[in-house]
Amino acid sequence: MRGFRLLRRVRVLGALSTVSVMAGACMVGPDYVRPSVEQPARFKSQAISEAGPPIPEEWWRLYREPELDRLIATASESNQTLRQAVARVDEARALARVAGSYLYPTISNNPSFSRTRYSANRDSTLTGQKVQQGVTVNDC
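Bear in mind the structure is a predicted one, so any value in this text is a computation, not a measurement.

> Could you give an account of the overall build of the protein chain, naming the residues involved and the relevant values?
Within the protein chain, the regular secondary structure consists of three helices and two strands. The order of helices and strands in the protein chain, counted from the N terminus, is α-α-α-β-β. Against the compact-globule benchmark of 14 Å for 140 residues, the protein chain has a radius of gyration of 50 Å, which places it well outside the compact range. Dimensions of the protein chain along its principal axes, counting C-alpha atoms only, are 135 × 75 × 35 Å. Considering the protein chain as a whole, with its 140 residues, one finds that 1% of them fall into the buried category. When contacts within the protein chain are restricted to residue pairs at least 6 apart in sequence, long-range pairs at least 24 apart make up 16% of them.

Below you can see the structure in the form of structure tokens.
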């Protein structure tokens, strides 16, 4: 048991001495002077406030690649104009509103009135005998 305690103390002292040596290695002497660092006048990337160089309208021509030129030409020929695209979006929205309108109840106004006078000289549809008096029927 006594040997175990001694071994334990040696380990703790060894760990403490290691930590103190490492901490001492990080310390700076009293004559330390921070080295000067030259700041570049301008960084590689431009500042936000500066305007960037203008991008050519046909930027893909900078690559001088005939296949890319052909692909851009094909896309431009088959592409819709902006007005056509806006018109199609407006049309789709209108059709969606029309389709959604069927979800609501509808009210119709179709007034009608009919007046029918049945004679007293007719046979009854139920009994087949003569009816005693005439009848007027109003249907609204």
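Further notes follow.
> Let's hear about the pattern of salt bridges: which residues, and what values?
Scanning the model with the defined rule gives three salt bridges in all. Between Glu-58 and Arg-61 there is a salt bridge whose closest N-O contact spans 2.7 Å. Classification of Glu-58 as partly exposed rests on a relative accessible area of 40%. A salt bridge links Arg-61 to Asp-69; its shortest N-O distance comes to 3.5 Å. With a relative accessible area of 24%, Asp-69 lands in the partly exposed category. One connected set of salt bridges, linked through shared partners, spans Glu-58, Arg-61 and Asp-69.

> Please give an account of a positive patch on the surface that cites residues and values.
Positive charge collects at one region of the surface, where Arg-2, Arg-5, Arg-8 and Arg-9 lie side by side. Its location among the elements puts Arg-2 in helix 1 (residues 2-25). Classification of Arg-2 by relative accessible area gives exposed; the value is 74%.

> I'd like a description of the packing of aromatic side chains, backed by residues and values.
Counted under the stated rule, the structure contains one aromatic pair. Taking the centre distance of 5.9 Å and the plane angle of 90 degrees together, the rings of Trp-59 and Trp-60 count as edge-to-face. Given the relative accessible area of 42%, Trp-59 is considered partly exposed. Owing to a relative accessible area of 13%, Trp-60 belongs among the buried residues under this scheme.

> Tell me about a nonpolar patch on the surface, and please be specific about residues and values.
A contiguous nonpolar surface patch, about 530 Å² in accessible area, is contributed by Ile-55, Trp-59, Leu-62 and Tyr-63. One can find Trp-59 in the loop between helix 1 and helix 2 (66-78).

> For unusual backbone geometry, give the residues involved together with the corresponding values.
The phi angle at Arg-64 is positive, at roughly 55 degrees, despite the residue not being glycine. Assignment of secondary structure puts Arg-64 in the loop between helix 1 and helix 2. Relative accessible area serves as the criterion here: at 72%, Arg-64 is assigned to the exposed category.

> Run through the environment of Ile-107, naming residues and quoting values.
With respect to the helices, strands and loops of the structure, Ile-107 is situated in the loop between helix 3 (82-101) and strand 1 (114-118). Note on Ile-107: relative accessible area 85%, which makes it exposed. C-alpha separation for the pair Ile-107 and Arg-2, spaced 105 residues apart in sequence, amounts to 102 Å.

Reading the values: rules and limits
Residues numbered from 1 in each chain as written. Predicted model: local features only at pLDDT ≥ 70, side-chain atom pairs only at ≥ 80, totals over all residues. Heavy atoms only, no water. Helix = DSSP H or I, 4+ residues; strand = E, 2+ residues; numbered from the N terminus. Rg over C-alpha atoms; globule rule 2.2 N^0.38 Å. Buried < 20%, exposed > 50% of the residue type's maximum accessible area, 1.4 Å probe, protein only. Contact = heavy atoms within 4.5 Å. Salt bridge = Lys/Arg side-chain N within 4 Å of Asp/Glu carboxyl O. Patch = residues over 30% accessible without salt bridge, like charges linked within 9 Å, V, L, I, M, F, W, Y side chains within 5 Å. Areas by Shrake-Rupley, 256 points an atom, 1.4 Å probe, with all protein chains shown as cover. Lys, Arg positive; Asp, Glu negative; His and termini not counted. Charge placed at Lys NZ, Arg CZ, Asp CG, Glu CD. Phe/Tyr/Trp six-rings, centres within 6.5 Å; stacked < 30°, edge-to-face > 60°.

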